[in-house]
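Each chain, letter by letter, is given below.
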Amino acid sequence: MKLDVTYHKHDVVVVGAGIAGLYAALKTSGEVDTAVISKVYPTRSHSGAAQGGCAASLGNMMEDHWEWHMYDTVRGSDYLGDQDAQALLVRDAVQVMYEMEHLGVPFDRTEEGRIAQRPFGGHFGNFGKSPMKRSCYAADRTGHAQLHALYEQCVKNEVRFYNEFYSLLLIMKGGTCLGLVAWDIIRGGLHVFHAKAVHLATGGYARCWKITSNAMANTGDGLALVMRQGLPLEDMEFVQFHPTGVWKHGMLVSEAARGEGGYLTNDKGERFMKEYAKEKMELAPRDVVSRAVQTEINEGRGIGGQDCVHIDLRHLGKEKILTRLPQVRELALKFLGRDMITDPVPIQPTAHYSMGGIPVNLDTLVLGDSQKGTVPGLYASGECACVSVHGANRLGTNSTLECAVFGRLGGLKMLDYVRQHSGHEDLPADAAEMAREEIEHLLSTAGTKSGVRSADLRTRLQETMSENMAVYRNQGDLEKQVKICQELREQCRQVAIDDGGLCANTDLIEAVELGHMLDYSYVIARCALERTECRGAHWRTDHPGRNDKEWLKHTMAWLEGDHVRLEYKPVVITRFQPEERKY
Amino acid sequence: MERTLRVFRFNPETGQEPHYDTFTIEVEDSWTVLDALNEIKWHHDGSLSYRRSCRHGICGSCAMMVNGKNEATCEKPLSALKGTITVEPLKSFPVIKDLMVDQEDFFEKLRLVKPWLINHKAPPTDKERLQSPEDRKIIDGTWECILCGACTSSCPAFWDNQGFLGPAALLKAFRYVGDTRDEGLDERVGILDSKIGVWRCHTIFNCVEACPKSLNPTAAIVKLRRRLIQEKL
Ligand SMILES: Cc1cc2nc3c(=O)[nH]c(=O)nc-3n(C[C@H](O)[C@H](O)[C@H](O)COP(=O)(O)OP(=O)(O)OC[C@H]3O[C@@H](n4cnc5c(N)ncnc54)[C@H](O)[C@@H]3O)c2cc1C
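Quantities reported herein were computed from a predicted structural model and do not represent experimental measurements.

Cut-offs and rules
- Residues numbered from 1 in each chain as written.
- Chains lettered and ligands numbered in written order.
- Predicted model: local features only at pLDDT ≥ 70, side-chain atom pairs only at ≥ 80, totals over all residues.
- Heavy atoms only, no water.
- Helix = DSSP H or I, 4+ residues; strand = E, 2+ residues; numbered from the N terminus.
- Buried < 20%, exposed > 50% of the residue type's maximum accessible area, 1.4 Å probe, protein only.
- Contact = heavy atoms within 4.5 Å.
- Lys, Arg positive; Asp, Glu negative; His and termini not counted.
- Charge placed at Lys NZ, Arg CZ, Asp CG, Glu CD.
- Rg over C-alpha atoms; globule rule 2.2 N^0.38 Å.
- Areas by Shrake-Rupley, 256 points an atom, 1.4 Å probe, with all protein chains shown as cover.
- Pairing = 2+ DSSP bridges.
- Axes fitted to C-alpha atoms, helices over the stretch in contact; angles between N-to-C directions.
- Domains from an automatic or database assignment.
- Buried area = accessible area lost by both parts, 1.4 Å probe.
- Salt bridge = Lys/Arg side-chain N within 4 Å of Asp/Glu carboxyl O.
- Polar contact = N/O pair within 3.5 Å; in protein donor to acceptor, adjacent residues only side chain to side chain.
- Phe/Tyr/Trp six-rings, centres within 6.5 Å; stacked < 30°, edge-to-face > 60°.
- Lys NZ or Arg CZ within 6 Å of the ring centre and 35° of its normal.
- Near = heavy atom within 4 Å.
- Nonpolar A, V, L, I, M, F, W, Y, C, P; charged D, E, K, R; others polar.
- Disulfide = S-S within 2.5 Å.
- Core = buried A, V, L, I, M, F, W, Y, C linked by side-chain atoms within 4.5 Å.

A.B. asks: Quick question: what am I supposed to make of the overall build of chain B here?
C.D. replies: Looking only at helices and strands, chain B features nine helices and seven strands. Dimensions of chain B, computed from the C-alpha atoms along their principal axes, are close to 60 × 40 × 30 Å. Counting all 233 residues of chain B, 59% fall into the buried class. Long-range contacts, defined as pairs at least 24 residues apart, comprise 64% of the intrachain contacts of chain B with a sequence gap of at least 6. Seen as two clouds, the 32 positive and the 33 negative side-chain charges of chain B have centres 5 Å apart.

Put into structure tokens, the structure is as follows:
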């Protein structure tokens, strides 16, 4: 079989239609020819799952300042975030939030008609003193509201959407990005997109854990595409575990449930957070709460001795639960058959948010080394990128904010770049070749029945990742996981699929995704093994304590064949010097 | 526990007639219909095609017909269904393959109602527009729509005439027409008042029953009609 190739030319091609990708496209559309490629329909992107809200120091409900927001973000990041990026994030937040309101996002309102705000874990007033209402929200469907408004604005601006197209390969020439190759999922066929600027916004990648809040589409494709061009990833060991995943399923009971006053209780009915964060209790940052939950479980105080504790909202009353947390209640009803108005609900930590990713500078331009070298024409923003605002641990409501601020900024920067480049540089002759080989090979395995099923390898990956490198980590488990990843990458070459067709071949897509997941999972395991300290979400039981002397630095990782090469680079510290993180 | 699923199959590439395949699989108590489809795809027949992503009813990918009723399959527990479970693609959209339907036209219909905020006054430069909580409440029950297509696919008026905008697009229209920040009714009257607009709805309420998010497109259509009449007077 010889696959057809179709050619397209645009000024800007954005990969991903979540909040980050759509915001970038919105800023370039209307000005230059803009296309968005997405493997799911834009409104089906995982940004729609964001529940709790989006942070900005609007001060609509109580006094607030961007400096306070910055302090919380720096401290929350366990001092690994770059403070120049963090300052940009929290300062732009205010303007971007107003802009999203102007774009039509249906935020909840205060009595005065302003955007309503609510408290969220890790956000405080007056440099860490008292809980702060900083999260702008639309019930508990904030991401959904933002995603749809942005999509609709892009439709208005006549962005060219290639929906259900799957990006396979970046096209590079002499270190510059000239476009990418994608597969048309519905009709089959390879498509070359020739562009002056490519923007990756492929989202999170916690799908490689068994218990996860992430969508099935969150398979880290953007990261794998970048690594395959010999480019590095940054801080991959930092993956946040959310303390309140629906027991056994992993979907999220939003932090808004704690923001509104929910309690966490163990088998004895105690609010155990008093043992871990006496002052902030349930509103301590996620990493602190996840470790508390995991410790309760590990020490036998889980409900009925099982791997879960309770979240209890009963004292909030029916009215508040129905108006502020309708989706959370619906979730528990559907997946656990429990009504939060009358019952506590079992939860467990769930793999949730990826702090690391594709390194970018403050212009969202992708970095090619651990100095400041950039890759012309290649941009990234949102959860797939690492700029780094979240450092070792992200605060709730700061990530949809990151998507909006840096997606938007990336759009503006691409606009400048595109305007300076009048023509498209010629493509290399064999632009689609590697993608063609990958797809033709997989299609040729269909029906051979002798190979390995991609689902089996993926299950093994997810189970072992949850077993060996979740909330608590140690050298032995991490070494085990590195080895498992190596074996799985080897076995992945033997994968055979069932479906040899071109039309809507999701069997093929899942096999390609598995390859991507194995690549970045391997890198995560290697980075985690190397970092012998506890910082934010990365907790080594065999190396207690944060070690600023040796480890106040970013990890940069290259996947070179079967080997991961690591380098380190300094953290940008401007305003706030590292202190002990206490809540 | 074992359950049996009868699954609609169609592959345009094989030239075979549409048919049903039956799978008997081992399931767990807590599984949903989507979990069962995943089990089939991952361990029995990888060539089965369907859409899915978020697993908790917010992305709108996985709406299908389950025992004759439209459902978000990721939220439909197997335990709520008796006997053999029949899974089919959403009715009245063209089938692409197996359980995947073509929704291009569905999204095009949304575009026709101009689903974006239309306001001719420049917003304040460094503040939000004001809106009272009561005004904001008017559009509750509209903006939550996940665009799964379950409503439009279950609508008899849409079955009769596929040109009809359908309940999802009209619900979206009211999401903006009802938003006190919006001034775009004028620009939308043409399409809403047209042959494919609000008057085609026969208020049969199938859409209300089909909506996995318990929204009420019919009520929104009635409100749109009222606004159009007011506009004309
Ligand atoms: C359950 C949940 C709740 C959350 N709640 C909050 C919250 O309250 N507040 C907050 O700030 N953050 C929250 N987060 C985090 C936040 O939602 C995400 O970090 C953010 O939305 C990611 O947006 P994104 O634009 O980077 O990517 P996404 O929205 O995930 O979009 C990724 C896009 O990339 C596309 N894509 C991926 N790979 C390919 C490929 N190979 N080819 C083509 N297209 C591709 C997809 O189709 C999709 O359009 C939550 C996360 C989860 C999981």
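A.B. asks: What am I meant to see in the overall build of chain A here?
C.D. replies: Of regular secondary structure, chain A possesses 15 helices and 20 strands. Taken against the 2.2 N^0.38 rule, which gives 25 Å for 583 residues, the C-alpha radius of gyration of chain A at 23 Å falls within 12% of a compact globule. Projected onto its principal axes, the C-alpha positions of chain A cover 65 × 55 × 50 Å. Long-range contacts, defined here as pairs at least 24 residues apart, represent 74% of the contacts in chain A between residues at least 6 apart. If you sum the accessible surface of chain A, you get close to 18,300 Å²; carbon and sulfur atoms cover 46% of it. One way to put it: in chain A the 66 positive side-chain charges average out to a point 3 Å from where the 77 negative ones average out.

A.B. asks: Could you clarify how one ought to interpret unusual backbone geometry in this entry?
C.D. replies: Residues apart from glycine generally show negative phi values, whereas peptide bonds are mostly found in trans. In this chain, A:Val387 is followed by A:Ser388 through a cis amide linkage whose omega measures -15°. With respect to the secondary-structure elements, A:Ser388 resides in the loop between strand 18 (385–386) and helix 10 (399–420). The backbone of A:Glu158 shows a phi angle near 60°, a positive value even though the residue is not glycine. Structurally, A:Glu158 can be placed in the loop between helix 4 (142–156) and strand 6 (160–163). Take A:Glu158: its relative accessible area is 70%, and that puts it in the exposed class. A positive phi angle, close to 45°, is found at B:Asp98, a residue other than glycine. Relative to the elements of secondary structure, B:Asp98 occurs in the loop between strand 6 (95–97) and strand 7 (100–101).

A.B. asks: Please clarify how the sheet that holds strand 4 (residues 69–72) of chain B should be interpreted in this entry.
C.D. replies: Strand pairing in a sheet takes place through backbone hydrogen bonds and is either antiparallel or parallel in direction. Residue and element names in this part refer to chain B. One open sheet accounts for five strands, arranged 2-1-5-3-4; its pairing is mixed. Each having just a single partner strand, strand 2 (19–26) and strand 4 make up the two edges of the open sheet. Pairs of neighbouring strands in the sheet enclose a mean axial angle of 35°, with direction left out of account. With eight bridges connecting them, strand 1 (residues 2–9) and strand 2 associate as antiparallel partners. Paired with Val7 across the bridge in strand 2 is Asp21.

A.B. asks: Even after reading the chapter, I still don't get the pairing of strand 1 (residues 5–15) of chain A, so can you show me in this structure?
C.D. replies: Moving residue by residue along a regular strand, the side chains alternate between the two faces of the sheet. Residues and elements named next belong to chain A. Here 10 bridges tie strand 1 to strand 9 (residues 190–200), and the two strands are oriented parallel to one another. Paired with His10 across the strands is Ala195, a residue of strand 9. With four bridges connecting them, strand 1 and strand 2 (residues 34–38) associate as parallel partners. Residue pairing for strand 2: Val15 is matched across the bridge by Ile37.

A.B. asks: Sorry, what's going on with the domain arrangement of chain B here?
C.D. replies: When the parts of a complex come together, some accessible area is lost, and that lost area is often taken as the interface size. Residue and element names in this part refer to chain B. Taken as a whole, chain B is organised into domain 1 (2–101) and domain 2 (104–232). For domain 1 and domain 2, the distance between their C-alpha centroids amounts to 29 Å. Contacts between domain 1 and domain 2 engage 13 residues on the former and 16 residues on the latter. Interface of domain 1 and domain 2: buried area, both sides summed, is about 1,100 Å²; carbon and sulfur atoms make up 57% of it. If you sort the residues of domain 1 by the area they bury against domain 2, Asn70, Ser92 and Phe93 come out on top, with a joint share of 41%. The interface formed by domain 1 and domain 2 holds one salt bridge in total. Ionic pairing is found between Lys213 and Glu75, a salt bridge with its closest N-O pair at 3.4 Å. There are five residue pairs in polar contact (both at pLDDT 80 or more) connecting domain 1 and domain 2. Tallying contributions element by element places strand 4 first for the side of domain 1 that touches domain 2, with three residues.

A.B. asks: Whenever I open this one, the packing of aromatic side chains confuses me. Can you help?
C.D. replies: One pair of aromatic rings is described through two measures. These are the centre distance and the angle between the planes. Evaluation of the coordinates by the stated rule reveals 19 aromatic pairs over all chains. For the ring pair A:Trp68 and A:Phe127, a centre distance of 6.5 Å and an interplane angle of 70° mean the geometry is edge-to-face. On the criterion of sequence distance, the pair formed by A:Trp68 in helix 2 (residues 66–76) and A:Phe127 in the loop between strand 4 (117–125) and strand 5 (130–136) is long-range, its members being 59 residues apart. We classify A:Trp68 as buried; its relative accessible area is 11%. Assessed through its relative accessible area of 34%, A:Phe127 is described here as partly exposed. Taken together, the ring pairs connect A:Tyr41, A:Tyr151, A:Phe161, B:Phe93, B:Phe106, B:Phe107 and B:Phe158 into an aromatic cluster. Geometry around A:Tyr137 places A:Arg118 over its ring, the cationic atom sitting 4.0 Å from the centre. Its end group placed over the ring of A:Tyr568, A:Lys553 keeps NZ or CZ at 4.6 Å from the ring centre.

A.B. asks: Teacher, can you tell me more about the site of the ligand here?
C.D. replies: Residue and element names in this part refer to chain A. Taken together, 38 residues lie near the ligand, and Ser45, Ser47, Glu383, Ser399 and Thr400 sit nearest. In the model, an oxygen atom of the ligand is placed 3.2 Å from a nitrogen or oxygen of the Ile19 main chain. One nitrogen or oxygen atom from the main chain of Val40 is found 3.3 Å from an oxygen atom belonging to the ligand. Listed by contribution, the elements that provide at least two residues to the shell around the ligand are helix 1 (19–28), strand 2, strand 7 (165–173), strand 14 (345–354) and helix 10. Split into classes, the residues belonging to the shell around the ligand amount to 14 nonpolar, 20 polar and four charged.

A.B. asks: When you look at the interface of chain B and chain A in this model, what are you seeing that I'm missing?
C.D. replies: With 64 residues of chain B at the contact, the number on the chain A side is 66 residues. When chain B packs against chain A, close to 5,500 Å² is buried across both sides, 51% of that on carbon and sulfur atoms. One can count nine salt bridges joining chain B with chain A. Of the charged contacts, one joins B:Glu75 and A:Lys334 as a salt bridge, the two residues approaching to 3.2 Å between their closest N and O atoms. Run the count over chain B and chain A and you get 45 residue pairs in polar contact (both at pLDDT 80 or more). At the level of elements, helix 1 (33–43), strand 6, helix 2 (104–112), helix 3 (133–137) and helix 6 (166–177) of chain B are the ones that each hand at least two residues to the side of chain B that touches chain A. Tallying contributions element by element places helix 1 of chain B first for the side of chain B that touches chain A, with four residues. Along the lines of polarity and charge, the residues of the side of chain B that touches chain A split into 27 nonpolar, 16 polar and 21 charged.

A.B. asks: Looking at this structure, how should I read the state of the cysteines?
C.D. replies: All names here are of chain A. Scanning all chains against the criterion turns up zero disulfides over all chains. Unpaired in terms of disulfides, Cys54 finds its nearest cysteine sulfur in Cys136, a separation of 6.6 Å. Looking at Cys136, the relative accessible area reads 0%, which means it is buried.

A.B. asks: Any chance you could explain the side chain of A:Arg489 here in plain terms?
C.D. replies: All names here are of chain A. Structurally, Arg489 is set in helix 13 (residues 475–492). Looking at Arg489, its side chain comes within polar contact range of the main-chain oxygen of Gly561, at 3.3 Å. Contacts of Arg489, omitting those with residues within four sequence positions, involve Leu518, Asp519, Tyr522, Leu559, Gly561 and Asp562.

A.B. asks: What should I look at first to understand the nonpolar core in this one?
C.D. replies: For soluble globular proteins, nonpolar side chains are generally found buried alongside one another. Within the largest apolar cluster, 196 residues are counted, with the highest numbers of intra-cluster contacts made by A:Met97, A:Trp183, A:Leu200 and A:Trp209. It is helix 14 (residues 506–530) of chain A that contributes the most residues to this core, 15 residues altogether. Here this core gathers at least three residues from each of two domains, domain 1 (2–101) and domain 2 (104–232) of chain B. A:Phe124, A:Met251, A:Ala256 and A:Met281 belong to the second-largest nonpolar core, a separate cluster that totals 33 residues.

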